[in-house]
Amino acid sequence: MDFNVKKLASDAGVFFTRAVQFTEEKLGQAEKTELDPHLENLIARADCTKNWTEKILRQTEVLLQPNPSARIEEFIYDKLEKKLPSRTTNAELLGQYMLDAANEFGSGTPYGSTLITVGEYQKRLGTAEREFLQTSATTFLTPLRNFLEGDWRTISKERRLLENRRLDLDIGKARLKKAKQAEAKAALLSEEVDKAEHELRVAQTEFDRQAEVTRLLLEGISSTHLNHQRCLQDFAEAQATYYAQCHHFMHELQRELNRCANAVSTPHQSATCPNPVSAAFPSGPPSPGTIVPNSASNKPKTLSMEQTQLPITGTRKAKVLYDYDAHDSSELSLLADELITVYTVPGMDPDWLVGERGNEKGKVPVTYLELLS
């Protein structure tokens, strides 16, 4: 018990002495040991990294989850180290409402069938959004949090120790100066000066050692920048994948709705919209004249009007640019880089051709082909 009291009293004394030294420095009444310029630059760079990491992290959280209540819930679950229950996205909820409404109106009616088609695609959009949120949290948000809650706390702790060692060093310098002045005036014994010099040497050694430790940690900020750079690339890739999926799903939805409208306007066809197509990505032809990827050169390619127009009775060879999955029995599935024979027939949609591969025959989208002379 006595030991604890003495230690508490000693710690209180050290704290008080440091507080006095810090106050006198602020008031200009005491000298302050300046840090090495290189170390000062490292500290400024680290502070900048910490501040901007916090801002980027907070704004990314707002972007991914605009609802403040949901963000608070996620924060609480994270602090409790519990897994957050899977949350239904708004698009998934909308899609489910549409499917439920279709059951009420009748799935065989035009309106009910359209609700089913749109609802299925809304659910796919919601699923893609949830996957994007999960990927972003793992590859981007988590590394930023790990830096702030791990590496930065260690750096802050060592910087506080360095500040304490600097205060101790300046206290030792002040004591030695006072001891020498008192010795000169009152002819005191040199033991006091020797003691002050010994304390100063110890304080200088501890300060130098702590400065080196802090410097090594601060230089590690460069590795942090490289790590965050990779995380940014992963985040951008996740965004690109998500938005590409959304574009693909909406393009497919438009095709389905157009088919539904054509079915309604054609007397001999059923007025019921077809079922949604497979969600494999990518599939479905782009609009005529749009830029499509060329698997051979990996460069954008625009199909000209000359390429899309064929003689009615003629046949030509065509190279498939990339894979295409047939949506029904009237279409022909394609594999990238294969050669097929194509031709058109009177009254056929100009966006499509008839393709033949051996004994197989079916409609193929023009924009998936490179017509050869």
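Quick caveat: nothing in here was measured; it's all calculated off a predicted structure.

## Regarding the environment of Q229
Here Q229 shows up in helix α7 (residues 221-265). Assessed through its relative accessible area of 44%, Q229 is described here as partly exposed.

## A look at the pattern of salt bridges
Counted according to the given criterion, the structure contains 16 salt bridges. The closest approach of N and O atoms between D168 and R18, which form a salt bridge, is 2.8 Å. In this pair, D168 sits in helix α5 (residues 110-186) while R18 sits in helix α1 (residues 2-26), placing the two residues 150 residues apart along the sequence. A relative accessible area of 18% places R18 in the buried class. The partner of E338 in a salt bridge is R357, and the shortest N-O contact between them spans 2.8 Å. Note that E338 is positioned in the loop between β3 (315-320) and β4 (339-343) and R357 in strand β5 (residues 352-357), a separation of 19 residues in sequence. For E338, a relative accessible area of 16% corresponds to the buried category.

## Focus: the nonpolar core
Counting residues in hydrophobic clusters, the biggest one holds 42 residues, and the most contacted among them are L35, L39, F132, F140, L162 and L218. Taken together, the elements giving at least two residues each to this core come down to α2 (37-64), α4 (90-105), α5, α6 (190-219) and α7. Looking at this core element by element, the count peaks at 17 residues for α5. Residues contacting L39, with those up to four places away along its chain left out, are L162, A211, R215 and L218. Counting residues in hydrophobic clusters, the runner-up holds 19 residues, among them V320, L332, V354 and L369.

## A word on α2
Taking 1.5 Å as the rise per residue, α2 with 28 residues should run 40 Å; its terminal C-alpha atoms sit 40 Å apart, in good agreement. Within α2, the full set of buried residues consists of L39, L42, I43, A46, T49, T53, L57, T60 and L64. For α2, the side-chain oxygen to backbone nitrogen distance between the N-cap and H38 is 2.9 Å, and the N-cap itself is D36.

## With respect to the packing of aromatic side chains
Enumeration according to the criterion identifies nine aromatic pairs in this entry. On the basis of an interplanar angle of 45° and a centroid distance of 5.2 Å, the ring pair of Y242 and Y243 is categorised as tilted. Since its relative accessible area comes to 14%, Y242 is described here as buried. Geometrically, the ring pair formed by Y324 and W352 is edge-to-face, given 6.4 Å between the ring centres and 70° between the ring planes. One end of the pair, Y324, is in the loop between β3 and β4; the other, W352, is in strand β5, with 28 residues separating them in the sequence. For the residue pair Y324 and W352, the accessibility class agrees, reading buried in each case. Within the aromatic cluster, the residues linked to one another by ring pairs are F132, F140, F235, Y242 and Y243. Above the plane of the ring of W52 lies K55, whose end atom (NZ or CZ) is 4.5 Å from the centre.

What counts and how
Residues numbered from 1 in each chain as written. Predicted model: local features only at pLDDT ≥ 70, side-chain atom pairs only at ≥ 80, totals over all residues. Heavy atoms only, no water. Helix = DSSP H or I, 4+ residues; strand = E, 2+ residues; numbered from the N terminus. Buried < 20%, exposed > 50% of the residue type's maximum accessible area, 1.4 Å probe, protein only. Salt bridge = Lys/Arg side-chain N within 4 Å of Asp/Glu carboxyl O. Core = buried A, V, L, I, M, F, W, Y, C linked by side-chain atoms within 4.5 Å. Contact = heavy atoms within 4.5 Å. Expected span 1.5 Å × (residues − 1). Polar contact = N/O pair within 3.5 Å; in protein donor to acceptor, adjacent residues only side chain to side chain. Phe/Tyr/Trp six-rings, centres within 6.5 Å; stacked < 30°, edge-to-face > 60°. Lys NZ or Arg CZ within 6 Å of the ring centre and 35° of its normal.

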